[in-house]
Amino acid sequence: MEITEFDPIEKAHDLGLRSNHAYILGFASIGLSLGTWIASRINKNDDKAQSDRWGIFTGHWAPTFFAIGLALRSKEDR
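Residues numbered from 1 in each chain as written. Predicted model: local features only at pLDDT ≥ 70, side-chain atom pairs only at ≥ 80, totals over all residues. Heavy atoms only, no water.

1. Observations regarding helix α3 (residues 48-59)
A rise of 1.5 Å per residue sets the reference length of α3, with its 12 residues, at 16 Å; its end C-alpha atoms lie 16 Å apart and thus fit the reference within 8%. Listed as buried for α3 are Ser51, Gly55 and Thr58. One face of α3 carries all of its buried residues, which in axial projection span an arc of 75°. Looking at the buried residues of α3, the elements they touch are α2 (19-42) and α4 (61-77). (Helix = DSSP H or I, 4+ residues; strand = E, 2+ residues; numbered from the N terminus. Expected span 1.5 Å × (residues − 1). Buried < 20%, exposed > 50% of the residue type's maximum accessible area, 1.4 Å probe, protein only. Arc of directions from axis to C-beta. Contact = heavy atoms within 4.5 Å.)

2. Quick word on the pattern of salt bridges
Close approach of charged atoms allows side chains with opposite charge to pair. The full count for this structure, using the stated rule, is 4 salt bridges. Its salt-bridge partner being Lys75, residue Asp7 comes within 3.1 Å of it at the nearest N-O pair. Linking Asp7 in the segment before α1 (8-14) with Lys75 in helix α4, this pair joins segments that are 68 residues apart in sequence. Its relative accessible area of 29% is what places Asp7 among the partly exposed residues. Glu10 is the partner of Lys75 in a salt bridge, and the nearest nitrogen-oxygen pair spans 2.8 Å. On the criterion of sequence distance, the pair formed by Lys75 in helix α4 and Glu10 in helix α1 is long-range, its members being 65 residues apart. According to the relative accessible area criterion, Lys75 is buried, its value standing at 14%. We classify Glu10 as partly exposed; its relative accessible area is 30%. Connected through salt bridges with shared partners, the residues Asp7, Glu10 and Lys75 form a single ionic network. (Salt bridge = Lys/Arg side-chain N within 4 Å of Asp/Glu carboxyl O.)

3. Details of the side chain of Thr36
The topology assignment puts Thr36 in helix α2. Reaching out from Thr36, the side chain makes a polar contact with the side chain of Thr58 at a distance of 3.3 Å. Residues in contact with Thr36, not counting those within four places in the same chain, are Trp54, Gly55 and Thr58. (Polar contact = N/O pair within 3.5 Å; in protein donor to acceptor, adjacent residues only side chain to side chain.)

4. Section: the packing of α3 against α4
One can describe the packing of α3 onto α4 by two numbers: an axis separation of 5 Å at closest approach and a directional angle of 5°. With respect to their mutual orientation, α3 and α4 come out roughly parallel. Each of Phe57, Thr58 and Gly59 in α3 lies in contact with α4, whose residues at this interface are Trp61, Ala62 and Pro63. In terms of residue class, the contact of α3 with α4 is made up of 4 nonpolar, 2 polar and no charged. (Axes fitted to C-alpha atoms, helices over the stretch in contact; angles between N-to-C directions. Parallel < 35°, antiparallel > 145°, perpendicular 65-115°, else oblique. Nonpolar A, V, L, I, M, F, W, Y, C, P; charged D, E, K, R; others polar.)

Listed below in structure tokens is the structure:
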């Protein structure tokens, strides 16, 4: 039985995802993070800790998208 190597970045690239798409998603997630934090702060039922958790949760997405963008850029440069 032959074991094939699975490369998710290669697969994403083959499906048409480009580094610019990942960078756009990274910047959008920064805006989403700020938006969710503000929306949670406006909601009187949420305390500050809950607002911070929402902001931090979505804020963690940005570095992931930027890292995927860098990986895709390396595929594009080849």
